[in-house]
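Residues per chain are reported as follows:
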Amino acid sequence: MQIDIEAVKKEHVGFAFDETTFDIKAETLANYARGCGETEARFLDPGHPDFRAVPNYASNFHGRRNLPENFPADILRSFDAGKCVENLAPIRPGDTITGRSHIHDIYEKTGRSGPMMFVVHRMEFTNQDDAKVAVVDWRLVMRLGEM
Amino acid sequence: MKLDLHNHSIKSDDGRAKVDNYCKWIAKRGLDLDGFVLSEHRQWDGESDYRALEDEYGLLILKASEVETEYGHVLVFGVNDDLVNAFDFADVRIPLRTVLAEAKRCGAFAVPCHPSRAIVGMFSHFDEFGPAEGVEVVETLNGGGRGTENDDAVHLAAQYGYRGVGGSDAHIVSHIGRCVTEFDDDIASIEQLVTALQGDRYRALSVDLD
C-alpha cells in the first residue's frame, strides 16, 4: 500500500466527520461495569447516590463512521492499536451524550514487520449541558509497503 | 553504577508505563539499578521534569530519544536545542549518517539499538547499504530481543569493533531492568553519560529478573 501520508494528513487531520448521540441507561452502565469485573457499588448499583459509568465506559461508544469519506485506506486491512480514555466528568443515567469524531493525528513508524501508518481517531464527548465528559483516542494501524 | 539506557513511558505512542510507576517497581522489586533513561520514540521530550522522582526514589532519570533511520532505530543521548533543530525527529527516514554527524556536532551520542532485529536493526541493512560508517557503539543487549537477536548482536559488534551497551526497551513497568549498562565511573547527568559512552569503561549486562 503506497500512501502519501503528508497529503493525507493535510486533507483529513482536524476535520470533523461524524456526530452521534447516545442515551445513557442505568442498566447498561451497571451491566458494563459488571462485565469489567468492577466491584465498587457506585459503578454497579443504580441506587447508589454517586452511581456513574466506569472510567473506561466512553471507549464503548462508536460513531457511525470509523474514518472520513474518501480516506485512502481500507478499514478492513487495519487493526485496533488501542484506546486511550481521558475522563473529564461523570457519565450518569439519563445523560444524552454526543460524540464528535475527527482524525487527530496520522503518523508513520517502523516496526519488526515493516512500515506502518497509525491513524488516531479522536472522539470528544459532551453531555446534554454541553459539558465535555470524555475524550477517547482510538489508534488504528495499517501496514504499508511490501511484507 | 548500573543504568538501563533504553525505556519508554506513556510519552511514546506505544508506551504503557508511567515514570513514577517505573520508580515504584524498581523500589518494590529491589532492582540493582541506579537509574534509567527514557528514550521516547520519534521525539524529544523537552517538557518532562523528573527531578522530584529522582529525589524521592534515589534514582538517576535521564532523557534521550529513539529516532528512525534507513538503518533502523537509533538511540540519541544528549539531545539539546541544536540537535532538535538539526533534523525532524518524527521523520522515519532520517539518514543514519545525518544522525551520527549531527549528534557529534551537537555534543550528543548516537547508538543504534536492537541492531540484529529485522527491519529496525542496523545489521539487517548491511547487505543492502553496506556497513554504516561512524558507528562506535551499538545496543548489544536489548530487553525485547527474541531468539538469537542479542547473541547475534554481541557477535556482530565484536566482528565490526563496536562497543556494546544494554537497555531493556521497556514499554511496561515490569520490563525495566532486564538489560542494563554497568559503568565503571559515576554518572550524574546526561552530559556525563555522553562522555562515558565516548569512552570504553562500561559493559552490557543481561539481568535475570525471575
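Summary of the structure given here. (Residues numbered from 1 in each chain as written. Chains lettered and ligands numbered in written order. Predicted model: local features only at pLDDT ≥ 70, side-chain atom pairs only at ≥ 80, totals over all residues. Heavy atoms only, no water.)

Things to note about the side chain of Arg42(B)
Residue and element names in this part refer to chain B. To be explicit about the condition: In this description a helix means any DSSP run of H or I spanning at least four residues, a strand means any run of E spanning at least two, and both kinds are numbered starting from the N terminus. Using a 1.4 Å probe on the protein chains alone, a residue whose accessible area is under 20% of its type maximum counts as buried, one over 50% counts as exposed, and one in between counts as partly exposed. Here a polar contact is taken to be a pair of N or O atoms separated by no more than 3.5 Å, where protein atoms must pair a possible hydrogen donor with a possible acceptor and residues adjacent in sequence count only if both atoms sit in side chains.
Mapped onto the elements of the fold, arginine 42 is located in the loop between β2 (35-41) and α2 (51-57). Look at arginine 42 and you get buried, because its relative accessible area is 10%. There is a polar contact of 3.0 Å between the side chain of arginine 42 and the side chain of aspartate 13. In this structure the side chain of arginine 42 is engaged in a polar contact, spanning 3.1 Å, whose partner is the side chain of glutamate 68.

Brief notes about the interface of chain B and chain A
For interface size, the figure often reported is the accessible area lost on association. We apply this condition: Note on definitions: a residue-residue contact is assigned when non-hydrogen atoms from the two residues lie within 4.5 Å. Buried area, as used here, totals the accessible surface that two parts lose on assembly, with accessibility defined by a 1.4 Å probe and the loss added over both. Salt bridges, as used here, are contacts in which a Lys or Arg side-chain nitrogen is within 4 Å of a carboxyl oxygen on Asp or Glu.
At the junction of the two partners, chain B supplies 15 residues and chain A supplies 11 residues. For the pairing of chain B and chain A, the buried interface totals around 1000 Å² over both sides, and the portion due to carbon and sulfur atoms is 40%. Of all residues in chain B, Asp13(B), Val92(B) and Ile119(B) bury the most surface against chain A, accounting for 40% of the area lost on that side. Inspection of the chain B/chain A interface yields four salt bridges. For the pair chain B and chain A, the interface holds eight residue pairs in polar contact (both at pLDDT 80 or more).

A closer look at empty space enclosed by the protein
Residues and elements named next belong to chain A. Rule in force here: Think of a 1 Å grid over the protein atoms and nothing else: a 1.4 Å probe that fits but is trapped marks a cavity, an open set flanked by protein within 12 Å on at least five of seven lines marks a pocket, and residues with an atom within 4 Å of a point count as lining. Grid points are joined across faces, edges and corners, and a volume is the space filled by probe spheres set on the points.
Evaluated as defined, the whole model comprises two cavities of 30 Å³ or more. Each pocket or cavity is described by its volume, and for the largest cavity that value is around 80 Å³. What lines the largest cavity is Ser59, Phe61, His62, Gly63, Arg65, Asn66, Lys83, His121, Met123, Val136 and Trp138. At the level of elements, β4 (114-126) and β5 (132-143) are the ones that each hand at least two residues to the lining of the largest cavity.

Looking at the environment of Val92(B)
Its location among the elements puts Val92(B) in the loop between α3 (81-84) and α4 (96-105). Through-space distance from the C-alpha of Val92(B) to that of Gly72(B) is 8.9 Å; in sequence the pair is 20 residues apart. If near-sequence neighbours (up to four positions away) are discounted, Val92(B) is found in contact with Glu108(A), Lys109(A), Thr110(A), Arg42(B), Glu68(B) and Thr69(B).

Considerations on the sheet that holds strand β2 (residues 78-87) of chain A
All names here are of chain A. This is how it is decided: Note on pairing: two strands pair once DSSP finds at least 2 bridges between them. To define axes, lines are fitted to C-alpha atoms, for helices over the stretch in contact only, and angles between the resulting N-to-C directions are given on a 0 to 180 degree scale.
Read from one edge to the other, the open sheet built from five strands follows the order β1-β3-β4-β5-β2, with strand pairing classed as antiparallel. Each edge of the open sheet is held by one strand with a lone partner, namely β1 (16-23) and β2. Going from strand to strand, the sheet's axes swing by 25 degrees on average, the running direction of each strand aside. Contacts between helix α1 (residues 5-12) and the sheet are confined to β3 (96-111) and β4, with β3 contributing the most and set at about 165 degrees to the helix.

Considering the pairing of β4(A)
Residue and element names in this part refer to chain A. For β4, the buried fraction is high: 11 of the 13 residues fall into the buried class. In the sheet, β3 pairs with β4 via 13 bridges, with the strands oriented antiparallel. The residue bridging glycine 111 from the neighbouring strand is glycine 114, located in β4. Once β3 ends, the chain turns through two residues before running back antiparallel as β4. Bridge analysis of β4 against β5 gives 11 bridges, and the strand direction is antiparallel. Within β5, the position partnered with phenylalanine 118 by the bridge is valine 141. Once β4 ends, the chain turns through five residues before running back antiparallel as β5, passing aspartate 130 with a positive phi of about 65 degrees.

Details of helix α2 (residues 26-35) of chain A
Residue and element names in this part refer to chain A. Filter applied, for reference: In this context, the arc is that of the directions from the helix axis out to the C-beta atoms.
Among the residues making up α2, those that are buried are Leu29, Ala30 and Ala33. End-on, the buried residues of α2 take up no more than an arc of 95 degrees, which puts them together on one face. What points out from α2, more than 90 degrees from its buried face, is the exposed set Glu27 and Gly35. Among the structural elements, α3 (41-44) are those in contact with the buried residues of α2.

Some thoughts on the sheet that holds strand β3 (residues 60-69) of chain B
Two pairing modes exist for strands in a sheet, parallel and antiparallel, and in both the strands are linked by backbone hydrogen bonds. All names here are of chain B. Taken together, seven strands build an open sheet; the order of strands is β5-β4-β3-β2-β1-β8-β9 and the sheet is mixed. Each edge of the open sheet is held by one strand with a lone partner, namely β5 (109-112) and β9 (202-206). Across this sheet, the average inter-strand angle for adjacent strands is 30 degrees, counted without regard to direction. Judged from the five bridges that link them, strand β8 (residues 179-183) and β9 form a sheet pairing that is antiparallel. The residue of β9 that forms the bridge with valine 180 is leucine 205.

These figures come from the coordinates and say nothing about function on their own.
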